[in-house]
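Structural characterization, general
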Amino acid sequence: MQAGSPPAEFREQQRALERAYLAESDPIRQSGFSGGPRRWRAEREPILEAVPADGDFLDIGCANGYLLQCLVAWAGERGIRLNPYGLDVGARLIDLAKHRWPERADQLWVGDAWSWNPPRRFDYVYTLLEYVPFLGESPDIRPGPLVRLYLERLLGKAVRPGGRLIVGSYGSRSRGVPPLDLRSTLEDYGFQVAGTAEGGSPITTRFAWVDRHEAGP
Ligand SMILES: C[S@@+](CC[C@H](N)C(=O)[O-])C[C@H]1O[C@@H](n2cnc3c(N)ncnc32)[C@H](O)[C@@H]1O
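Residues numbered from 1 in each chain as written. Predicted model: local features only at pLDDT ≥ 70, side-chain atom pairs only at ≥ 80, totals over all residues.

1. Comments concerning the overall build of the chain
Scanning the chain from N- to C-terminus turns up 6 helices and 7 strands. Starting at the N terminus, the α and β elements of the chain follow one another as α-α-β-α-β-α-β-β-α-β-α-β-β. A compact globule built from 217 residues would reach a C-alpha radius of gyration of about 17 Å, and the chain, at 16 Å, matches this within 12%. Dimensions of the chain, computed from C-alpha atoms along their principal axes, come out at roughly 45 × 45 × 35 Å. The buried share among the 217 residues of the chain stands at 38%. The contacts in the chain between residues at least 6 apart in sequence include a share of 69% that link residues at least 24 apart. (Helix = DSSP H or I, 4+ residues; strand = E, 2+ residues; numbered from the N terminus. Rg over C-alpha atoms; globule rule 2.2 N^0.38 Å. Buried ≥ 20, exposed ≤ 12 C-beta atoms within 10 Å, placed from the backbone. Contact = placed C-beta atoms within 7 Å.)

And the structure:
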């Protein structure tokens, strides 16, 4: 499959997600999370275990921008300054993100991560795996065969040399679905995992990161 041609079913799933998020008024629910503010922080803040220093941070699939706002605030509490950027395939979600955060409007973009050409590079790029088209497999949380291609593309085009690609996996407490074991998932794809973190009790989110070496192309 060529980048830029996701199956119609996949695109429809993205649109349905956008409609569902926009039907909510609570900013956490507009980001696709229904567990409330305490669990939100417990299950998302561990992303910052991958962020030891100031830098430009891109959230792929940023929805209404709320995660980015939280990460900037939580990082600030740790003495770390993040310059936030967001990308989402949902144009109306990006409109909402810009409305919520007008001073960052020019750093919030519409695009499909699968085919997007980043206009610049970032110190930190955060992504989930479900942004990759699934090919006849369950669209749930199982990574499909294109995931490796997607991550390699991000490392090469979106992550700055010396920067870091952070991957997240969200399980579902209500459905009793655990997050992926991202270390082994990424290692199976041939990536060298630089670190991992997890969030929630029971563990509901996992994060793993891969570094782009300074001398990379
Ligand atoms: C679960 S929300 C993530 C919200 C927030 N980033 C977080 O991690 O909590 C997923 C978002 O990804 C967006 N999305 C799905 N597929 C995408 C793709 N291929 N490219 C860009 N955004 C995508 C959806 O529109 C949705 O807003």
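2. Let's talk about the site of the ligand
Neighbouring the ligand are 22 residues; Gly-32, Gly-61, Ala-63, Ala-113 and Tyr-131 lie closest to it. At the level of secondary structure, the elements contributing two or more residues to the shell around the ligand comprise α1 (8-22), β1 (55-60) and β2 (82-88). (Near = placed C-beta within 6 Å.)

3. Describing helix α5 (residues 147-157)
Among the residues of α5, Tyr-150, Leu-151 and Leu-154 are the ones counted as buried. Down the axis of α5, the smallest arc covering the buried residues is 95°, so these residues share one side. Away from its buried face by more than 90 degrees, α5 exposes Gly-156 and Lys-157. Tucked into the core, α5 has its buried residues touching β4 (122-128) and β5 (159-170). (Arc of directions from axis to C-beta.)

4. Structural notes on the pairing of β2
Here β2 lies mainly inside the structure; 6 of its 7 residues are buried. As paired strands, β1 and β2 are joined by 6 bridges and run parallel to one another. Within β2, the position partnered with Gly-55 by the bridge is Leu-82. The β-α-β motif built from β1, the intervening helix α3 (residues 66-77) and the parallel element β2 has right-handed crossover chirality. Bridge count between β2 and strand β3 (residues 108-110): 3 bridges; the pairing is parallel. Its bridge partner lying in β3, Leu-87 is registered against Trp-109. Following the chain from β2 across helix α4 (residues 91-100) to the adjacent parallel β3, one finds a crossover that is right-handed. (Pairing = 2+ DSSP bridges. Right-handed = clockwise from strand over helix to strand, strands pointing away.)

5. A word on the environment of Gly-156
Topologically, Gly-156 is positioned in helix α5. Given 12 C-beta atoms within 10 Å, Gly-156 falls into the exposed group.

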